[in-house]
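These are the residues of each chain, in order.
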Amino acid sequence: MRREIPMIITAVVGFVFLIQYFIPHYPFSQLNNWFSDWFSIIGACAIWLGALNLMKISFDKVYRKGRDWGYSIVIIVSFILIVVIGFTGGESFRDFGTKFDWLYQWIYTPLSATMFALLAFFVASASYRAFRARNLEATLLLIAAFFVMIGRVPVGDAIAGIIHLPEVIYPSKVASWIMNYINGAGQRAIMIGIALGIVSTSLRIILGIERAHLGGE
Amino acid sequence: MKYYCIRFSILVFLIFFAAAPASIAQEATNTTMAVDTLAQAPPDVTPVMAKNVTVRDNPDDGGGSIRIDWDLSVDDHEGGKITAYRVLRSEAGTDDYVVVGDAPAGKSEFVDNAVTDGIEYLYKVAAINELKRNGEVIWSVMSDSDPIGPVKSSAQWFNMQRINVFVGTVFVCLAIFFFIQKAKSGQDLYIRKIAGLESVDEAVGRATEMGRKILFVPGINDMDNVQTIAGVAILGRVAQLAAEYETQIEVPVSRSLVMITAKEIVKESYSKAGRPDAFNEDQVHYITDDQFGYAAAIDGIIVRDKPATIFYMGAFFAESLIMAETGNSIGAIQIAGTGQPSQLPFFVASCDYTLIGEELFAASAYLSREPRLLGSIKGQDVAKAAILISIIIGVILETFSIYQFSNFFRVIGE
């Protein structure tokens, strides 16, 4: 029964989700919202399982003095601090000027921004590897990337104007053509494949053929 | 004290009731003043009314709305006498018209979403010409149409605007069913080799040889995303191989429900491999729901533990490159799979193998070689061929200005 009950629930919910798209009549028009609400409630309750798991592993590490246990202390202190301040802040704990807001503005936001900013450096290193002209495909990629990059900045068209290039091959025009036609066509092909993959996987799950996510074959 | 409280309550009660009529009177005075200040409209500004007003139940909806259409007044043009059309509604049998809303000049339709199913209504459309200054109406004139109706709203049992989606869905489902049945009958189905999935064994073997762990990252979305389900389906196969090779596997997750599911899958895989005792609950652990917090934690694990093999399977966003480049920097063999088209180039640049879109969803069938699952992949391919043919036909017909075929694929009312 451990597998059958989740399979039945999945089948019923999946089928209802499918048909509610075509039936605007009540109660089908509301089922999508109801199921989404239930998922949010279950997800919100389950977050405690995650939080408790994080604390258990961190406390274990500190207790056993495992490798890099100092990081676990940071996790425990941060977790307790934000939870206590959040719970003791009342209903308006997220308002401007509260302690929670201060932590959010001056600790959480800069940390997130730092991680996001790393992306710029990683894009540079990944581009360097991807655009090396090792073979024909990589060379074409390099040429396309050159035009797209130079076409996205004003200096590209400025240089083209100075050397009197015909307007039709201005970098901005070439970049737009590459993005709209070559890149657009490729992206759409991938998206059609993804959409069909989602339909196929969903159908397998609804019919109970796909059980790998339940621990079965 | 109690006596004092009662006296105070009575006092507040009296003050409230003494003040209420005064405030109502004040409102009434204000309204009267607003009406009094309306200036006399100049002559010849009254617009010609809207013609051919029609009302009908709004089609393809869940009820509770009526659609009103009209032909634009002859005065509705640039510099004309129309500033808006006002829609008025009354229940049939009464003459109490209430204003439902305004449609700006140039619009010839209005949907009234505030009606009750089953009740009959009458409608009027008034062409309005009014002069406003600083938001205040200086003068206003209007000419009503005749009452139209009765009409009542009702809910429909099928959204005809989505008939094309329905036909497409039925076709895809039938194709998949057909090939599932074919596969069940024992017919051999050819599925092309997917390099990323062929290399799973090699990647797990490499980790075993190097004596380092395998890291499996199932994306940052929850279990309601099909990509996450496809990702954790691959986890089962990887965990089973890891258990057979006695290699440690770590699954840090960003959602609690994914943690519960992944734990079950890894536990089951260890049992299948005949090594249930080797399963450790802490192999699958929660980190955080936060996108960049999760990315930072994964980067930390990669840099500190230096796993030999890293799998990224599921839904990824901006964090994909941050994690994949860190994995690349330590020389790990990396296999990624996602249905996010915008993240695929990053994975292609940073990982050894990438499952592009549909390959991720085919992975479970490909790895298990279960005939029914393989049949569904074949059915999916047939649907893809049908879409390809439709695109070619549509392009040819559009080239010759025939738009009916491509219009069939347009979904209205999204």
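As shown above, the structure is provided for reference.
Now for a description of the structure that goes with this document. (Residues numbered from 1 in each chain as written. Chains lettered and ligands numbered in written order. Predicted model: local features only at pLDDT ≥ 70, side-chain atom pairs only at ≥ 80, totals over all residues.)

## Structural notes on the overall build of chain A
Right, on to step 1. Along the backbone of chain A there are seven helices and zero strands.
Right, on to step 2. Scanning chain A from its N terminus toward the C terminus, one meets helices and strands in the order α-α-α-α-α-α-α.
Right, on to step 3. Whereas a compact globule of 217 residues would reach a radius of gyration of roughly 17 Å, chain A reaches 27 Å, over 25% beyond that.
Right, on to step 4. Burial analysis of chain A (217 residues in total) assigns 15% to the buried set. (Helix = DSSP H or I, 4+ residues; strand = E, 2+ residues; numbered from the N terminus. Rg over C-alpha atoms; globule rule 2.2 N^0.38 Å. Buried ≥ 20, exposed ≤ 12 C-beta atoms within 10 Å, placed from the backbone.)

## Structural notes on the interface of chain B and chain A
Right, on to step 1. Each partner contributes to the interface: chain B provides 64 residues, whereas chain A provides 50 residues.
Right, on to step 2. No other element matches helix H11 (residues 371-399) of chain B, which puts nine residues into the side of chain B that touches chain A. (Contact = placed C-beta atoms within 7 Å.)

## Some remarks on the packing of helix H10 (residues 358-368) of chain B against H11(B)
Two quantities define a packed helix pair, namely the angle between the axes and the distance from one axis to the other.
Residue and element names in this part refer to chain B.
Right, on to step 1. It is the contact of H10 with H11, at a shortest axis distance of 8 Å, that shows an interaxial angle of 140°. In terms of orientation, H10 lies oblique with respect to H11. The element H10 and its partner H11 pack so that their crossing is left-handed. Contacts from Ala362, Ser364, Ala365 and Ser368 of H10 reach H11 at Leu373, Leu374, Ser376 and Ile377.
Right, on to step 2. For the contact of H10 with H11, a count of residues per class yields five nonpolar, three polar and no charged. (Axes fitted to C-alpha atoms, helices over the stretch in contact; angles between N-to-C directions. Parallel < 35°, antiparallel > 145°, perpendicular 65-115°, else oblique. Left-handed = near helix turned anticlockwise from the far one by under 90°. Nonpolar A, V, L, I, M, F, W, Y, C, P; charged D, E, K, R; others polar.)

## A word on the environment of Met259(B)
Right, on to step 1. Mapped onto the secondary structure, Met259(B) falls in helix H6 (residues 256-272).
Right, on to step 2. Look at Met259(B) and you get buried, because 24 C-beta atoms sit within 10 Å.
Right, on to step 3. A sequence separation of 36 residues divides Met259(B) from Met223(B), and the C-alpha atoms of the two residues are 9.7 Å apart.
Right, on to step 4. Apart from residues no more than four positions distant in its own chain, Met259(B) is found in contact with Leu49(A), Gly50(A), Asn53(A), Val253(B), Val284(B) and Tyr286(B).

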